[in-house]
Amino acid sequence: MKIFTNKNQLKKNIKKGIKLGFVPTMGAFHKGHISLIKKSIKMCDKTIVSIFINKPQFNKKKDFNEYPRDLSKDISILKKIKVNYVYLPKYREIYPRGPNLGIKISKFSNQLCGKFRPKHFKSVVDVIDRFLKIIKPNKIFLGKKDYQQLKIIEDYIVVNKINTKVIKCKTIREINGLACSSRNFILSTNEKNLASKVYKIIKKNKIKIIKNKHLLTKIKKQIYKIGINKIEYLNLINLKNLESRKKNFYKVFISFYLRSVRLIDNI
Ligand code: AMP
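These remarks concern the structure in this document. Worth saying up front: this structure is predicted, and the values here are computed from it rather than measured.

Cut-off values and rules
- Residues numbered from 1 in each chain as written.
- Predicted model: local features only at pLDDT ≥ 70, side-chain atom pairs only at ≥ 80, totals over all residues.
- Heavy atoms only, no water.
- Helix = DSSP H or I, 4+ residues; strand = E, 2+ residues; numbered from the N terminus.
- Expected span 1.5 Å × (residues − 1).
- Bend = angle between axes of the 7 residues up to and from the residue.
- Buried < 20%, exposed > 50% of the residue type's maximum accessible area, 1.4 Å probe, protein only.
- Contact = heavy atoms within 4.5 Å.
- Pairing = 2+ DSSP bridges.
- Axes fitted to C-alpha atoms, helices over the stretch in contact; angles between N-to-C directions.

### Overview of helix H9 (residues 189-211)
For H9, spanning 23 residues, the distance from its first C-alpha to its last is 34 Å, which sits close to the expected 33 Å at 1.5 Å a residue. The sharpest bend along H9 measures roughly 55° and falls at Asn205. Burial in H9 covers these residues: Glu191, Leu194, Ala195, Ser196, Val198, Tyr199, Ile201, Ile202, Asn205, Lys206 and Ile209. Tucked inside the fold, the buried residues of H9 contact helix H10 (215-225), strand S7 (230-238), strand S8 (250-258) and strand S9 (261-266).

What follows is the structure in structure tokens.
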């Protein structure tokens with residue numbers, strides 16, 4: 001496994017003429033990350049994983065500072081699953097002249113998380129664009145757990161005719177339904193149980209919500225009742241409108257807080 005911290009070294013040393021799979025991450029690996037990486041290993045000749053906590057995409061300094069980090073554990077996981085290349089750039093390497101917030105991204109960024117996290121998606125697309133220019137992968141592996149992010153990146157790749165295919169990977173969950181997330185590492189057992197209850201409430205009521213959107217208000221109340229004190233949004237979205245599918249395909253999107261830890265899911 002080759003580890004690069006420098007983009008010129010990386011460009012020189014990555015084998016040419018092979019199918020290269022790229023998995024961008026912010027580290028603190030869990031089963032979700034590992035499933036993306038294993039999928040890339042299966043589908044591509046070589047796999048590169050980046051670990052970079054992208055400061056500009058955080059709206060709050062506290063959130064950035066408290067974001068879980070465990071680089072030595074991450075590296076040993078990557079070695080074990082036989083990843084070919086790891087890219088660990090420093091901030092200056094990625095942003096020699098600072099971030100580019102003038103980047104044009106799809107309108108889907110104006111709703112859900114985008115409403116509550118100004119500049120978040122522009123910063124995400126900006127960093128992914130920079131990585132794609134350095135790495136030039138054939139495929140990029142993204143998780144449906146962050147569906148809005150995945151779709152906005154895919155739209156950007158299509159509009160800008162970037163020669164990288166987006167591979168959408170299913171959300172990996174704990175047995176209790178809680179979607180795996182690096183942020184779960186900073187939750188207590190009680191908090192994780194509460195978060196899994198949120199998933200169960202939505203899962204149980206999804207069909208009813210599709211039949212009657214107004215039920216969302218009642219579901220919100222139910223979620224507050226179990227002890228969640230802040231829901232940012234709870235929305236029903238028809239993905240048919242976003243993915244040019246033929247049939248209706250609904251998902252319930254939620255963002256809520258446990259203390260200062262913000263969790264998102266789509267069910
Ligand atoms: P992150 O390190 O949180 O930026 O995530 C890196 C990649 O892993 C993104 O494409 C995420 O969508 C994906 N991911 C995060 N959690 C999960 C999960 N539970 N299941 C599948 N993919 C995930």
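### Things to note about the sheet that holds S7
Read across the sheet, three strands follow the order S7-S8-S9 without closing on themselves; strand pairing throughout is antiparallel. Edge positions in the sheet fall to S7 and S9, since each of these pairs with one other strand and no more. Within the sheet, the average angular offset between the axes of one strand and its neighbour, ignoring direction, is 10°. With eight bridges connecting them, S7 and S8 associate as antiparallel partners. Following the sheet pairing, Lys230 is matched in S8 by Tyr257. Against the sheet, H10 engages S7 and S8, with an angle of about 145° to S7.

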